[in-house]
Amino acid sequence: MAKLTLDLHDIYNKGDQIDKALRDVIQEAIDKKIATVEIIPGKGSGALKKKVIRFLDQKEIKALYHRVDKDSKNFGRLFVYFQHKEAKGKRKRA
């Protein structure tokens, strides 16, 4: 199963770059039909994780993915899951 990872440690204090990185990784997941995106805001004070969650909760962004899970074993990590619809007439065969 393919997965994309976005580590935000290098841009933790650059709000505009954070939003762009989040938009880019979500768009890449959609374009490449990737099922999971791992976002690593890090542990720290939790402010960056809250910013990421607020970003993901925006109506237009929320419409693009299926669900978000917080990693129960690692506070500094989130998973965004996608359900990609197949093109008409191109069903997978069992």
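You'll find the structure just up there.
My aim in this report is to walk through the structure given alongside it, one point at a time. The structure presented is a predicted model; accordingly, all values stated were derived computationally and were not measured. (Residues numbered from 1 in each chain as written. Predicted model: local features only at pLDDT ≥ 70, side-chain atom pairs only at ≥ 80, totals over all residues. Heavy atoms only, no water.)

### A word on the side chain of aspartate 71
Here comes step 1: Mapped onto the elements, aspartate 71 comes out in the loop between β3 (67–70) and β4 (78–81).
Here comes step 2: In terms of polar contacts, aspartate 71 uses its side chain to reach the backbone amide nitrogen of lysine 73, at 2.9 Å.
Here comes step 3: A polar atom in the side chain of aspartate 71 sits 3.4 Å from the backbone nitrogen of asparagine 74. (Helix = DSSP H or I, 4+ residues; strand = E, 2+ residues; numbered from the N terminus. Polar contact = N/O pair within 3.5 Å; in protein donor to acceptor, adjacent residues only side chain to side chain.)

### Quick look at helix α1 (residues 15–31)
Here comes step 1: The terminal C-alpha atoms of α1 lie 24 Å apart, and with 17 residues this matches the ideal 24 Å at 1.5 Å per residue to within 8%.
Here comes step 2: Buried residues of α1: Ile18, Ala21, Leu22, Val25, Ile26 and Ala29, and no others. End-on view of α1: buried residues confined to an arc of 125°, all on one side of the axis. Seen from the open side of α1, the exposed residues pointing more than 90 degrees away from its buried face are Asp16, Lys20 and Asp31.
Here comes step 3: Positioned one or two residues after α1, lysine 33 has a phi angle of 55°, which is positive. (Expected span 1.5 Å × (residues − 1). Buried < 20%, exposed > 50% of the residue type's maximum accessible area, 1.4 Å probe, protein only. Arc of directions from axis to C-beta.)

### With respect to the packing of aromatic side chains
Here comes step 1: As enumerated under the stated definition, the model contains 1 aromatic pair in all.
Here comes step 2: Positioned above the aromatic ring of phenylalanine 75, the side-chain terminus of lysine 49 is 3.9 Å from the ring centre.
Here comes step 3: We note arginine 67 situated over the ring of tyrosine 81; from NZ or CZ to the ring centre the distance is 4.2 Å. (Phe/Tyr/Trp six-rings, centres within 6.5 Å; stacked < 30°, edge-to-face > 60°. Lys NZ or Arg CZ within 6 Å of the ring centre and 35° of its normal.)

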